[in-house]
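Now for the letters of each chain:
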Amino acid sequence: MLKVEGINVYYGAIHAIKDISFEVNQGEIVTLIGANGAGKTTTLQTISGLLHTRTGSITFQGQNITNIRADKLVSRGLAQVPEGRRVFLQMSVQENLEMGAYQPQAGVPKDLEMVFELFPRLKERRNQVAGTLSGGEQQMLAMGRAMMSHPKLLMLDEPSMGLAPLLVEQIFEIIKNLNKQGSTILLVEQNAQMALSVAHRGYVLETGKIVTTGTGEELIRSPEIKKAYLGG
Ligand code: ATP
């Protein structure tokens, strides 16, 4: 579904992404894990067209999307939930969700119902202002907003960030659930343990390079990964 081949991304003189290649197949949860500053967010931003690669290519469903503008990608079925949620704090839950529909027309009430089924907590709070939601609820809202565009591929940037352990588990349950219902997911996480436990496959990023890849199970069992990312 998604093929990233030989991308190199720079911030001025800083070479942040060094010749990265990986792929995501339909129906998979694939995770990119790595420490602070490894290049996970940069990789997602490059796929979603917010940053440019100097080399290589990015293909989505057989079409070249390298350096295509972010707003054009949503209509092709690619949605990103950014790091730190970025919901509209002054708007209600429902208004936030409506912002996620890229064709604000007839389908919206049905799409709202679909999202409320996935996230019953949001339904209870549909008229509440987003700024007063808890961190976990804001994460659900950001994910629900992305689901409003019926993405074929959902890219999640650190959904567990800043959440209490119980909520982290809930968010990962939701991720598994979305995948079971047909969403393909590219998941960027610092919480390697949780990410690898739900992912079919994973890639480990270190200072802008992919250093290891394998199934979620293989990576979780690997002594090097245990030592570097899973607290021994
Ligand atoms: P984190 O888990 O902390 O979010 P990350 O793996 O997502 O980290 P990136 O945010 O992709 O890492 O950063 C990769 C590298 O690029 C880091 O060295 C970072 O300092 C650098 N970088 C990121 N954004 C910029 C920027 N706007 N200008 C300059 N350097 C940047």
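Residues numbered from 1 in each chain as written. Predicted model: local features only at pLDDT ≥ 70, side-chain atom pairs only at ≥ 80, totals over all residues. Heavy atoms only, no water.

Draft legend 1. Seen up close, helix H6 (residues 135–147). The end-to-end C-alpha separation of H6 is 18 Å, in line with the 18 Å expected for 13 residues at 1.5 Å each. Here H6 lies mainly inside the structure; twelve of its 13 residues are buried. (Helix = DSSP H or I, 4+ residues; strand = E, 2+ residues; numbered from the N terminus. Expected span 1.5 Å × (residues − 1). Buried < 20%, exposed > 50% of the residue type's maximum accessible area, 1.4 Å probe, protein only.)

Draft legend 2. Looking closely at the sheet that holds strand S6 (residues 78–81). Spatial ordering of the open sheet is given by S6-S7-S8-S3-S9-S10, a layout of six strands whose pairing is mixed. Two strands bound the open sheet, and with one partner strand each, they are S6 and strand S10 (209–215). Adjacent strand axes in the sheet meet at a mean angle of 15°, parallel and antiparallel pairs treated alike. As judged from the four bridges shared by S6 and strand S7 (residues 153–157), these two strands associate in the parallel manner. Across the sheet, the residue bridging to valine 81 is leucine 156, located in S7. (Pairing = 2+ DSSP bridges. Axes fitted to C-alpha atoms, helices over the stretch in contact; angles between N-to-C directions.)

Draft legend 3. Here's a closer look at the sheet that holds strand S5 (residues 63–64). Taken in spatial order, the four strands make up an open sheet running S2-S1-S4-S5, and their pairing is antiparallel. Two strands bound the open sheet, and with one partner strand each, they are strand S2 (14–24) and S5. With four bridges joining them, strand S1 (residues 2–11) and strand S4 (residues 57–60) adopt antiparallel strand pairing. Bridge assignment links lysine 3 to a residue of S4, and that residue is threonine 59.

Draft legend 4. The arrangement of the site of the ligand in detail. Taken together, 14 residues lie around the ligand, and Asn36, Gly37, Lys40, Thr41 and Thr42 are the ones closest in. In the environment of the ligand, a nitrogen atom lies 3.4 Å from a nitrogen or oxygen atom belonging to the side chain of tyrosine 11. One of the side-chain nitrogen or oxygen atoms of asparagine 36 is found 2.6 Å away from an oxygen atom of the ligand. The fraction of the free accessible surface of the ligand (630 Å²) that becomes covered by protein chains is 62%. Of all the secondary-structure elements, those providing two or more residues to the shell around the ligand are S2 and helix H1 (40–47). With three residues, the top contributor of residues to the shell around the ligand is H1. Taken together, the residues that form the shell around the ligand break down as five nonpolar, six polar and three charged. (Near = heavy atom within 4 Å. Polar contact = N/O pair within 3.5 Å; in protein donor to acceptor, adjacent residues only side chain to side chain. Areas by Shrake-Rupley, 256 points an atom, 1.4 Å probe, with all protein chains shown as cover. Nonpolar A, V, L, I, M, F, W, Y, C, P; charged D, E, K, R; others polar.)

Draft legend 5. Spotlight on the packing of helix H3 (residues 93–100) against H6. Where H3 meets H6, the axes come as close as 7 Å, and the angle between the chain directions of the two elements is 35°. Considering how the two elements wind past one another, H3 and H6 form a crossing that is right-handed. Contacts between H3 and H6 involve Val93, Asn96, Leu97 and Gly100 from the former and Leu141, Gly144 and Arg145 from the latter. Of the residues in the contact of H3 with H6, the class split is three nonpolar, three polar and one charged. (Left-handed = near helix turned anticlockwise from the far one by under 90°. Contact = heavy atoms within 4.5 Å.)

Draft legend 6. Representation of the nonpolar core within the structure. Counting 46 residues, the largest nonpolar core has Met143, Leu154 and Ile175 as the members making the most contacts within it. Among residues more than four places away in sequence, those in contact with leucine 154 are Ala79, Val81, Ala146, Met147, Leu178, Thr184, Ile185 and Leu186. With 26 residues, the next largest nonpolar core counts Ile17, Ile20, Phe60 and Met155 among its residues. (Core = buried A, V, L, I, M, F, W, Y, C linked by side-chain atoms within 4.5 Å.)

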